[in-house]
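Topology and contacts: notes
Each chain, letter by letter, is given below.
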Amino acid sequence: MEKAYMNNFTYQYPVRQHFGKGCAESAIKEEMVHAGSRVLLAYGGGSLKRTGLYDKIAGWLHECGKTVTDFGGIMPNPTYAKVQEGARIVREEGIDFILAVGGGSVIDCCKIVAAQARLEEDIWEMQYTRHLFPTEFVPSGAVVTVSGTGAEQNNRAVITNTDMKLKQPLVGSYHSFAILDSDLTRTVPMKQVISGAFDTLSHCMETYMGKPLSDNISDEINEAVMRNVIRNLRALVADPDNDFARGELMWDSALAENSLLKLGKQTDFQCHMIEHAVGAYTDCNHGQGLAVIHPAVYRHLIPEGTEKLAKMAERVWGIREKDPSVAALKCIAALEDFILEVGLPAHWSEMGITDESVMRAAADTCLLTPGCCRRFTRDEIFSILKECM
Ligand code: NZQ
Ligand code: ZN
């Protein structure tokens, strides 16, 4: 593989990080000093109240002198309608700070609520028709209760437009801070912990397989993060009380999305775009959908991705094999074995998805990414999706 200079970049990172076991209370109180007095407390479908965390956080906010307005019921794979509901509440209640408490779904929804509340026009229309992006936002922060997406680290949200049958990225606000307290994730069902960690591994792989493919420092850091995810997910599955592994996975998730691994690279993210398209029709779990798609897509990246997959084989999976073509196949096999080992699905049917017309529609609507080393046709994506059924 010919050596290629990394792409030029300018790097500035806007999200303050509070990381640590048990750091939530002090971090929230510290941040609230700088926040407005009317806080929107945003959360998901029920876990926050069930686990008692809602009462704790609402109490801390009251101690800080804040007036708290609820915005609950944000669903996994948040919808555009829910974004509009949040924006309406922000305007009507004169909210001056949004605190997103949850996983990728709550955190993403709030990035767009923060933008839509300050816009006269419809943000979907603005971005997808007029190709303009928001510049003013209601200030916001994120408290992570389930890790994996790294959504707290970036300003892109994935929103499902149910009317259009599209699940696509929108650009919103950066949260000004991210609170990463692994204790808050102790109540997450193991199935979700596993799918979240696989999402992190997927973000790493999608970045690693982007251009340039030749060796560079971003990819070398990435290799370390991938090894760390694999090791610590194994450790956490073996012992759910392993707080060390929980914390490592939480920071892995942040590292995969806080731009560091992406510096100087054009990322791939074709697997993600295919998963999102299937998600628009099925509302499927994100990490599980990625587990189904990745090995099949990588088999189709041969020969373009052979050398890079061979590097991943050696440096991430510890496979010793001189022939790159064989090593690339062994890399894909190691990934498939890992998916089985941690109990993730390998086929759509295991997720209850059996309708071939959904696969055709997803293939026809998914975004095609310029960073992928192979330019797929829609028919090839349909074949990939059928291989996974
Ligand atoms: O809704 P509740 O009742 O809170 O339950 C949630 C939800 O069912 C539960 N949960 C969260 N914290 C919990 C908990 N259960 C017990 N204890 C806790 N402490 O976990 C379930 C999943 O939550 P969700 O936020 O949907 O999961 P995740 O963090 O995986 O987020 C998925 C969304 O993020 C998008 C995905 O497409 C999907 O819409 N992504 C966003 C990205 C970004 N902005 O950078 C990148 C990703 O690639 C991804 O696409
Ligand atoms: Zn993801």
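Residues numbered from 1 in each chain as written. Chains lettered and ligands numbered in written order. Predicted model: local features only at pLDDT ≥ 70, side-chain atom pairs only at ≥ 80, totals over all residues. Heavy atoms only, no water.

Moving on: the pairing of strand 8 (residues 177–180). Judged by which residues are buried, strand 8 turns out to be covered on both faces: Phe-177 and Ile-179 on one side and Ala-178 and Leu-180 on the other are all buried. Bridge analysis of strand 1 (residues 16–19) against strand 8 gives four bridges, and the strand direction is parallel. Each residue of the ladder has a partner; that of Arg-16, found in strand 8, is Phe-177. As judged from the two bridges shared by strand 5 (residues 140–144) and strand 8, these two strands associate in the parallel manner. Each bridged residue has a counterpart across the sheet, and for Ala-142 the counterpart in strand 8 is Ala-178. (Buried < 20%, exposed > 50% of the residue type's maximum accessible area, 1.4 Å probe, protein only. Helix = DSSP H or I, 4+ residues; strand = E, 2+ residues; numbered from the N terminus. Pairing = 2+ DSSP bridges.)

Here we take up the coordination of the zinc ion (ligand 2). Here the zinc ion (ligand 2) is held by Asp-199 (OD), His-203 (NE2), His-272 (NE2) and His-286 (NE2), and the distances to it run 2.0 to 2.2 Å. All donors of the zinc ion (ligand 2) belong to a single chain; written as a sequence motif, their spacing is D-x3-H-x68-H-x13-H. Of this pair, Asp-199 and His-203 both sit in helix 7 (residues 190–208), four residues apart, roughly one helical turn. Judged by relative accessible area, His-203 falls into the buried class, the value being 5%. (Donors = N, O, S within 2.8 Å, 3.2 Å for Na, K, Ca; no water.)

Parsing the protein into structural domains produces domain 1 (16–184) and domain 2 (198–387). A straight line from the C-alpha centre of domain 1 to that of domain 2 covers 27 Å. Contact residues are listed per partner, giving 22 residues for domain 1 and 21 residues for domain 2. Buried surface at the junction of domain 1 and domain 2, summed over both partners, amounts to about 1900 Å²; 60% is from carbon and sulfur atoms. Of all residues in domain 1, Lys-165, Lys-167 and Ser-182 bury the most surface against domain 2, accounting for 27% of the area lost on that side. Asp-243 is the salt-bridge partner of Lys-21, the closest N and O atoms lying 3.3 Å from each other. Our enumeration of links across domain 1 and domain 2 arrives at eight residue pairs in polar contact (both at pLDDT 80 or more). (Domains from an automatic or database assignment. Contact = heavy atoms within 4.5 Å. Buried area = accessible area lost by both parts, 1.4 Å probe. Salt bridge = Lys/Arg side-chain N within 4 Å of Asp/Glu carboxyl O. Polar contact = N/O pair within 3.5 Å; in protein donor to acceptor, adjacent residues only side chain to side chain.)

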